[in-house]
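What follows is each chain in one-letter form.
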Amino acid sequence: MKQHELFIYNSLSKKKEKFTPIHKDAVGMYVCGPTVYSNVHLGNCRTFLSFDLVFRYLKHLGYKVRYVRNITDAGHLENDGESGDDPILKKARIEQLEPMEVVQKYTVDFHTIMAKFNALPPSIEPTATGHIYEQIHIVEKIIEEGFAYEKNGSVYFDVLKFNETNNYGKLSGRQLEDMISNTRELAAQSDKKNPQDFALWKKAEPQHIMRWPSPWSEGFPGWHLECTAMSTKYLGNQFDIHGGGMDLKFPHHECEIAQAEACNHTSPVNYWMHANMLTLNGKKMSKSTGNYILPNEMFTGENDILSKPFSPTVTKFFMYQAHYRSILDFSSEALEASEKGFNKLMDAYRMLPELNTSEKSSIAVENWRNACYDAMNDDFNSPILIANLFEIVKFVNLLKDGKETISKEDLVLLKQTTHDFLFDVLGLEDNVSESSQDEEKLSAAIELLIQLRNTARANKDFAMSDKIRDELSAKGIQLKDGKDGTTFSLN
Ligand code: AMP
Ligand code: ZN
């Protein structure tokens, strides 16, 4: 299967690079997970679904993938703790819950939504609070290396010192000099030597209830530290892929690189991947601005923006019709168009077993299959893949009309390839056929009840025959007696 070469756009080199994993046949991938203080919105889901596609395709190519995606259940502070509070603590106060109840509630919500989207669970899902020891250990090492300092019980990363020997800003493309000139005025109110420095450990204020002992104070780790600790613990000091949303490039991922380089003297990640944003009304979907849609609102249609409900699979199909590095703007009309396309594609897929075969093919199935792989091998280009999959609609029509021919072997290959890409790689679900199967089962059950009613009538058991008719009617199933027997309708 791996005869095809995969190219990945590396945000660090800003180029598409041939993918060569550190260990042959095995891939280590880390993706920043959610901060579990609120329901995930559709924007968050887009990023996680972008990496579900990466995970699925790498597996499809035959790689053994260790996919680590964390749960941020502490320490994601706004403004690096200079102002603002831990959002989990804030939410706990508002909802009058224990912080860990908040964490549990929204972790469950996240898992439920991901399962509805048919996203595969990661291989390891570590939590920040479960790795305090590892984080403290990294802080100790960075201090030892001379790249961090303690002040009033907190520890900060010394960005200027680090930049003397390393390159702070290489991922985001920011220049330290520019950052310095933009932030000079903030310096006075802080324990930091320089405003660019970031917290590795923060001393907890008395009201901060999520706190752990450390050599410096009772406190909690800085946000960037958890990802360095958990990625290197499970994937090694150097691993293949690190992903996250575009908005995490700076400061989060820039700081992760700095921490890992300071601690382990090696660049931690070979391929940095960043997924682009889902926007609504042209603006980033975001919890804090209120500009967002929740996945459950999509599935029920309960949001004024939506003309109707959309299934998880159609929502996902809509997302994959854009490349993961492109901005995607949400609209109900675009969703409707995706739904039509998806149904057309599924109809064609379901027609495949019914096609007649010939001795020879006039359709170049092997070329078409290669084009599907070429699309995915070109930095996971799902819109091009989907455009190729739409070719089967054309094939089916031409074959049905006898304008093209296909051999038995080629039809098997066509079916298998379509199946693999639709269900294994894109992770879509054939809901329509599921619901039509359900309908078939319902019809069979009603037909049986009609027969029982006929028997009751023949036996003059009118109490029973009326009961069957009335109770079905109460459930919205109407029986109609005609010349040719009894029929039913659903309302
Ligand atoms: P958070 O829970 O805020 O840490 O976000 C979880 C993930 O969702 C991160 O990878 C973010 O980059 C990503 N994300 C947040 N907003 C959006 C958006 N509007 N579109 C796509 N991804 C997003
Ligand atoms: Zn992270």
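Because the structure is predicted, anything quoted here is derived from the model rather than measured.

Draft legend 1. Representation of the coordination of the zinc ion (ligand 2) within the structure. Only Cys32 (SG), Cys227 (SG) and His252 (NE2) from the protein coordinate the zinc ion (ligand 2), and they sit 2.0 to 2.2 Å from it. Counting along the primary sequence, the residues that act as donors to the zinc ion (ligand 2) give the motif C-x194-C-x24-H. Taken together, the residues cysteine 227 in helix H7 (residues 223-235) and histidine 252 in helix H8 (residues 249-264) connect sequence positions 25 residues apart. Just as cysteine 227 is buried, histidine 252 falls in that class too.

Draft legend 2. How the structure looks around the site of ligand 1. If you check the shell around ligand 1, you find 15 residues, and the closest are Gly43, Thr47, Asp247, Leu278 and Met285. Backbone polar atom of glycine 43 to a nitrogen atom of ligand 1: 3.0 Å apart, as the coordinates give it. Separating a nitrogen atom of ligand 1 from a backbone N or O atom of methionine 285 is a distance of 2.8 Å. Here ligand 1, which alone exposes 500 Å², has 90% of that area covered by the protein.

Draft legend 3. Focus on the sheet that holds strand S4 (residues 64-69). Reading across from one edge, S4-S3-S9-S10 is the order of the 4 strands in this open sheet, with parallel pairing throughout. The sheet terminates laterally at S4 and strand S10 (269-275), the two strands that pair on one side only. Going from strand to strand, the sheet's axes swing by 20° on average, the running direction of each strand aside. Relative to S10, strand S9 (residues 239-245) is paired through 6 bridges, and the arrangement is parallel. Directly across from histidine 242, in S10, lies its bridge partner tryptophan 272. Packing of H7 onto the sheet brings it into contact with strand S3 (26-31), S4 and S9, and relative to S3 it is tilted by some 165°.

Draft legend 4. Just the pairing of strand S7 (residues 198-203), in detail. In terms of burial, S7 is largely enclosed, as 5 of its 6 residues are buried. Two elements, S7 and strand S8 (residues 219-221), share 3 bridges in a ladder whose sense is antiparallel. Paired with lysine 203 across the strands is glycine 219, a residue of S8.

Draft legend 5. Representation of the packing of aromatic side chains within the structure. Enumeration over the complete set of coordinates arrives at 18 aromatic pairs. Ring centres of phenylalanine 48 and phenylalanine 110 lie 5.1 Å apart, and the angle between their planes is 65°; this geometry places the pair in the edge-to-face category. Taken together, the residues phenylalanine 48 in helix H1 (residues 42-60) and phenylalanine 110 in helix H3 (residues 99-116) connect sequence positions 62 residues apart. Cluster of aromatic residues (ring-pair linked, three or more members): Phe147, Phe157, Phe162 and Phe198. The aromatic ring of tyrosine 149 is capped on one face by lysine 193, whose charged end is 4.7 Å from the ring centroid. Here the guanidinium or amino end of lysine 308 rests over the ring plane of phenylalanine 310, the centre of that ring lying 4.5 Å away.

Draft legend 6. Fine view of the pattern of salt bridges. Scanning the entire structure with this criterion turns up 23 salt bridges. Between arginine 211 and glutamate 218 there is a salt bridge, with the nearest N and O atoms lying 3.0 Å from each other. Among the residues examined, arginine 211 registers a relative accessible area of 28% and is labelled partly exposed. A relative accessible area of 40% means that glutamate 218 is categorised as partly exposed. The shortest N-O distance in the salt bridge between glutamate 471 and lysine 467 comes to 3.2 Å. Remark: lysine 467 and glutamate 471 occur in helix H17 (residues 462-474); sequence separation between them is 4 residues, near one turn of the helix. Exposure remark for lysine 467: the relative accessible area of 44% places this residue in the partly exposed category.

Draft legend 7. Spotlight on empty space enclosed by the protein. All chains considered together, the criterion is met by 3 cavities of 30 Å³ or more. Volume-wise, the largest cavity comes out at about 60 Å³. Looking at the lining of the largest cavity, the elements with two or more residues in it are H1 and helix H10 (312-320). Looking at which element gives the most residues to the lining of the largest cavity, the answer is H1, with 4 residues.

Draft legend 8. Geometry of the environment of isoleucine 88. Positionally, isoleucine 88 belongs in helix H2 (residues 87-95). With 357 residues separating them in the primary sequence, isoleucine 88 and alanine 445 have C-alpha atoms 50 Å apart. With residues near it in sequence (within four places) discarded, isoleucine 88 still touches Val36, Tyr37, Thr72, Asp73, Ala74, Pro99, Val102, Val103 and Met210.

Draft legend 9. Structural context of the domain arrangement of the chain. By the assigned domains, the chain splits into domain 1 (7-275), domain 2 (279-425) and domain 3 (433-490). Inter-centroid distance (C-alpha atoms) of domain 2 to domain 3 is 38 Å.

Draft legend 10. A look at H3. An ideal rise of 1.5 Å per residue puts 26 Å on 18 residues; H3 measures up with 26 Å between its terminal C-alpha atoms. Along H3, the residues that are buried comprise Pro99, Val102, Val103, Tyr106, Thr107, Asp109, Phe110, Ile113 and Met114. Looking down the long axis of H3, one finds its buried residues gathered within 160° of arc, a one-sided arrangement. Set apart from the buried face of H3 by more than 90 degrees, the exposed residues are Gln104 and Ala115. On its buried face, H3 sits against H1, S4, H2 and helix H9 (295-300). In the stretch just after H3, asparagine 118 is the one whose phi turns positive, near 60°.

Draft legend 11. Seen up close, the side chain of serine 332. Among the structural elements, serine 332 can be located in helix H11 (residues 332-351). Judged by its relative accessible area of 3%, serine 332 falls in the buried class. In contact with serine 332, not counting residues within four places along its chain, are Ile305, Leu306, Ser307 and Phe310.

Draft legend 12. Focus on the packing of helix H12 (residues 365-377) against helix H15 (residues 408-425). Put simply, H12 and H15 touch, their axes get as near as 9 Å, and they point 20° apart. One way to sum up the angle between H12 and H15 is to call them roughly parallel. Crossing geometry of H12 relative to H15 is assigned as left-handed. Here Val365, Glu366, Trp368, Arg369, Cys372, Tyr373 and Met376 of H12 lie close against H15, whose contacting residues are Asp410, Leu413, Leu414, Thr417, Thr418, Phe421 and Val425.

What counts and what doesn't
Within every chain, residues take consecutive numbers counted from 1 along the sequence as written. All chains are assigned letters beginning with A, and all ligands numbers beginning with 1, in the order in which they are written. Residue-level local features of this predicted model are given only where pLDDT is at least 70; pairs of side-chain atoms are given and counted only at 80 or more, and the full residue set underlies all totals for whole chains, interfaces and linings. For side-chain calculations, the full set of non-hydrogen atoms in the structure is used, while hydrogens and water are omitted. Because no water is among the atoms considered, metal sites can look incomplete, with donors defined as N, O and S atoms within 2.8 Å of the metal, or 3.2 Å for Na, K and Ca. Strands are runs of DSSP state E lasting at least two residues, helices are runs of H or I lasting at least four, and both sets are numbered from the N terminus onward. Buried residues are those whose accessible area, probed at 1.4 Å on protein chains only, stays under 20% of the maximum for their type, while exposed residues exceed 50% and partly exposed ones sit between those limits. For this description, a residue counts as near a given molecule or strand if any of its non-hydrogen atoms is within 4 Å of it. Polar contacts here mean pairs of N or O atoms no more than 3.5 Å apart (in protein, one a potential hydrogen donor and the other a potential acceptor; neighbouring residues in sequence count only if both atoms are side-chain atoms). Surface exposure here means Shrake-Rupley accessible area, sampled with a 1.4 Å probe, where a residue is shielded only by the protein chains that are shown. Pairs of strands are assigned from DSSP output, requiring at least two bridges between the strands. To get an axis, a line is fitted to the C-alpha atoms, and for a helix only the part in contact is used. The angle between two axes follows their N-to-C directions and goes from 0 to 180 degrees. Residue contacts follow a heavy-atom distance rule, with two residues in contact if any of their heavy atoms lie within 4.5 Å. Side-chain rings of Phe, Tyr and Trp, where Trp is taken by its six-membered ring, are said to pair if the distance between their centres is within 6.5 Å; with planes under 30 degrees apart they count as stacked, over 60 as edge-to-face, and otherwise as tilted. Charge-over-ring placement is defined geometrically: NZ (Lys) or CZ (Arg) within 6 Å of the ring centre, and within 35 degrees of the ring normal. Each salt bridge in this description consists of a side-chain nitrogen of Lys or Arg and a carboxyl oxygen of Asp or Glu lying within 4 Å of one another. Only protein atoms enter the 1 Å grid used here. Points where a 1.4 Å probe fits but cannot escape make up a cavity, open sets with protein on both sides within 12 Å along at least five of seven lines make up a pocket, and a residue lines them when an atom lies within 4 Å of a point. Grid points are joined across faces, edges and corners, and a volume is the space filled by probe spheres set on the points. These domain limits were set by an automatic method or by a database of domain assignments. Each helix should span, by expectation, one fewer than its residue count multiplied by 1.5 Å. For this quantity, the arc is that covered by the directions from the helix axis to the C-beta atoms. Roughly parallel means an angle under 35 degrees; roughly antiparallel, over 145; roughly perpendicular, 65 to 115; everything else is oblique. Handedness of a helix crossing follows the sense of rotation of the near helix relative to the far helix, less than a right angle counterclockwise being left-handed and clockwise being right-handed.

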